Amino acid sequence: MELTTAYVQVLFVALAAGGLVATVWLWPRLSGPSWRSVAARAGVLVADQTLLLLATAVVVNAYFGFFGSWGDLLGTDAAEAPAIMAGSAGTAAGGAGLVRVLGSTPVEVTRPKAGLPAGRLEQVTIAGARTGLSSPAYVYLPPQYFDAKYAGRRFPVVLGLTGYPGDAENLVTRLGMPALTATSILTHEIGPTVLVLMRPTVAPPRDTECVDVPGGPQAETYFASDVPRAVAAAFRVGTEAANWGVLGESAGGYCALKLTMRHPEAFSAAVSLSGYFHAPVDVTTGDLFGGNRRLRDENDLMWRLANLPAPPVSVLVASSRQGESGYQATTDFLAAVKAPMRASSLILPSGGHNFATWNRELPQALPWLAQQLHAPAQTPSRAASEKGSRRLARESPRRPRPDRHSPTHRVAKRRGLRPAGRA
C-alpha cells in the first residue's frame, strides 16, 4: 500500500472525518466536571487535530510527490541504485564582464583521501547579453584548472539545474555536486570537468520552465545561448556542443532534456532526475505560450519525438517504479526515442520526488554525463609555444651570410637597414 496511492489518501481523510463524527457523538458523554472528563475532552480534541494534520499531509505529499513510499518517508530506502540501462538509438519510426564573482571557497572531499586539492567553488552572477536576464550561480573549477601543466587546457562543462522554486545552493548543500565531481575526478572516474550550477527560475517568482515566453522572459535563450557564451568568456571551458551537458531534477530535469533536444548545437547530452516531458501551465507559470499552439507543441518533448527528426544527442532519464508519479511517462519517453538520439535509463525500485532519491541516483548519473562529453582541443600554453619556437629555430637551416660586396648589401647599408642574415 504505497504512500501516494488514492487508497491511502481516502483512508486518512476517512479517519479524519470519522474522528470528527466520533467527537460529536462522545462530547455529551464527556461533559462532566471531573478531571477525568476534562482530560478526555482534551484528548479527543488532540486526536482530531492529529488526524486532520495527517490527512492534510498525505494529500499534499501525494500532490507534490515529496515522499513516494513508506521506505522513502522513514529513510529505509537505502538500497543502492541499480546499473544504468544503456538503451539503443531506438527502432521506432559577450564578454568576461558578464560573469561577476562574488566569492570563492575551496571544495573539500573525504575520499579518496581528505586534504587532497579538490578545486574551488566560485559564487557568481551570470548576465545575459542577448536576453538581459541575470541569475545567481555557482561555478566549480576542478584542481587541474589551477595546475600549471593545464595552463593551456580548456575543460568540458556540466550545467546543473534545480527544480522550481529551488535555489542553486541546493545543488551544493543538498546534492553535493561539487564534492561528488571532485571525488570522481580524483579517483579518475571522470576527467577534469567544470560545473555551472543554477536555478531555472530566472524571473522569480514566476516559473518560466525554460521557455521563451512571448512578451516575457526569454529563459530558453538565456540558458541555451547567454550562459554558455558568458561562461566561455570568463573561464577556460569548451565552446562546442560536445563539451557541454545539462543535468537537472524535477523542473530542472525537464529543462535539461528540452534544452538538449531543442539545441543540439549547444548541448550534446542531458540527465533528467524525476523530470517531466511537457511544461505545465498553472498559477506559478501563467500563460507560457501566449495561446500559441505551435509553441506549446514544440516545448512538448513527446510531441517532438513523434513529429520532428530526432536530434543527435544522448540522454539519461531516472525514475522509480514505485513512488514516482512520472514513471509511466518516463517509460513512454524511452520507447519513443529513435535514432540518431540515444537514451539510457536509471530506474530505482522505489523512491520519490525528493533529494533523498536524487542523492541515490546522482553518483551514477553525474559520472555518466561527464563521460559523454569530450574535452576541448588543447590550446598550447605560452611557455610551450616559446619552447616550440626555440626548437624550430634550432632545427631550421641557417641562411647563408650575404656577400658584403654584392649590390644588395651596399644598398641596404646606405639606407640604414640591417642586412638579412645578421643577428
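Before reading on, note that the structure itself is shown above.
Residues numbered from 1 in each chain as written. Predicted model: local features only at pLDDT ≥ 70, side-chain atom pairs only at ≥ 80, totals over all residues. Heavy atoms only, no water.

Participant: Before we move on, could you go through the pairing of strand β8 (residues 269-273) and cite the residues and values that matter?
Facilitator: Among the 5 residues of β8, 5 are classified as buried, and the element is accordingly described as predominantly covered. Sheet topology note: the strand β7 (residues 244-249)/β8 ladder contains 5 bridges and is parallel. Across the sheet, Gly248 pairs through a bridge with Ser272, a residue of β8. In this fold, the crossover linking β7 to β8 by way of helix α7 (residues 251-262) has right-handed handedness. Pairing geometry for β8 and strand β9 (residues 314-322), over 5 bridges, is parallel. Bridging across to β9, Leu273 finds its partner in Ala318. (Buried < 20%, exposed > 50% of the residue type's maximum accessible area, 1.4 Å probe, protein only. Helix = DSSP H or I, 4+ residues; strand = E, 2+ residues; numbered from the N terminus. Pairing = 2+ DSSP bridges. Right-handed = clockwise from strand over helix to strand, strands pointing away.)

Participant: Account for α7, with residues named and values stated.
Facilitator: Here α7 contains 12 residues, and its C-alpha end-to-end distance of 16 Å stays within 8% of the 16 Å for a straight helix at 1.5 Å per residue. Considered for burial, the residues of α7 that qualify are Ala251, Gly252, Gly253, Tyr254, Cys255, Ala256, Leu257, Lys258, Leu259, Thr260 and Met261. (Expected span 1.5 Å × (residues − 1).)

Participant: Could you give me a rundown of the state of the cysteines, with the residues and numbers involved?
Facilitator: All chains considered together, the criterion is met by 1 disulfide. Here Cys210 connects covalently by a disulfide to Cys255, the sulfurs 2.1 Å from one another. Looking along the S-S bond of the Cys210-Cys255 disulfide, the torsion reads about 105 degrees, which is the right-handed sense. You can see Cys210 sitting in the loop between β6 (194-198) and α6 (219-234) and its partner Cys255 sitting in helix α7, a full 45 residues away along the chain. (Disulfide = S-S within 2.5 Å.)

Participant: Report on the pairing of β6, specifying residues and quantitative values.
Facilitator: For a regular strand, the rule is simple: side chains alternate between the two faces of the sheet. Burial within β6 is extensive, with 5 of its 5 residues counted as buried. The side-chain alternation of β6 yields two buried faces, one formed by Val194, Val196 and Met198 and the other by Leu195 and Leu197. In this sheet, β6 lies alongside strand β4 (residues 134-141) in antiparallel orientation, the contact comprising 4 bridges. The residue of β6 that forms the bridge with Tyr138 is Leu197.

Participant: An account of the pattern of salt bridges is needed here, citing residue identities and associated values.
Facilitator: Considering all chains together, one arrives at 5 salt bridges under this definition. Across the pair Glu298 and Arg262 runs a salt bridge whose closest N-O atoms are separated by 3.9 Å. Residue Glu298 is found in helix α8 (residues 293-298), and its partner Arg262 is found in helix α7; the two are separated by 36 residues along the sequence. Of the charged contacts in the structure, one is a salt bridge between Asp297 and Arg296, with a shortest N-O distance of 3.8 Å. By sharing partners, the salt bridges in this structure join Glu220, Arg262, Arg294 and Glu298 into a single network. (Salt bridge = Lys/Arg side-chain N within 4 Å of Asp/Glu carboxyl O.)

Participant: Give me the lowdown on the nonpolar core, citing residues and values where you can.
Facilitator: By size, the foremost hydrophobic cluster in this structure holds 54 residues, and its most contacted members are Ile126, Met198, Phe223, Phe333 and Met341. The greatest single-element share of this core, amounting to 7 residues, is contributed by α6. Counting 34 residues, the second largest nonpolar core, distinct from the first, contains Leu316, Leu366, Trp368 and Leu369. (Core = buried A, V, L, I, M, F, W, Y, C linked by side-chain atoms within 4.5 Å.)

Participant: Describe the packing of aromatic side chains, with residues and values.
Facilitator: Tallied over the entire structure, the rule returns 8 aromatic pairs. The interplanar angle of 35 degrees and the centroid separation of 5.7 Å between the aromatic rings of Tyr145 and Phe155 together place this pair among those described as tilted. Of this pair, Tyr145 sits in the loop between β4 and β5 (157-161) while Phe155 is found in the loop between β4 and β5, placing the two residues 10 residues apart along the sequence. Classification of Tyr145 by relative accessible area gives buried; the value is 12%. Assessed through its relative accessible area of 1%, Phe155 is described here as buried. Ring centres of Tyr254 and Tyr276 lie 5.4 Å apart, and the angle between their planes is 20 degrees; this geometry places the pair in the stacked category. Of the two residues, Tyr254 is situated in helix α7 and Tyr276 in the loop between β8 and α8; the sequence distance between them amounts to 22 residues. (Phe/Tyr/Trp six-rings, centres within 6.5 Å; stacked < 30°, edge-to-face > 60°.)

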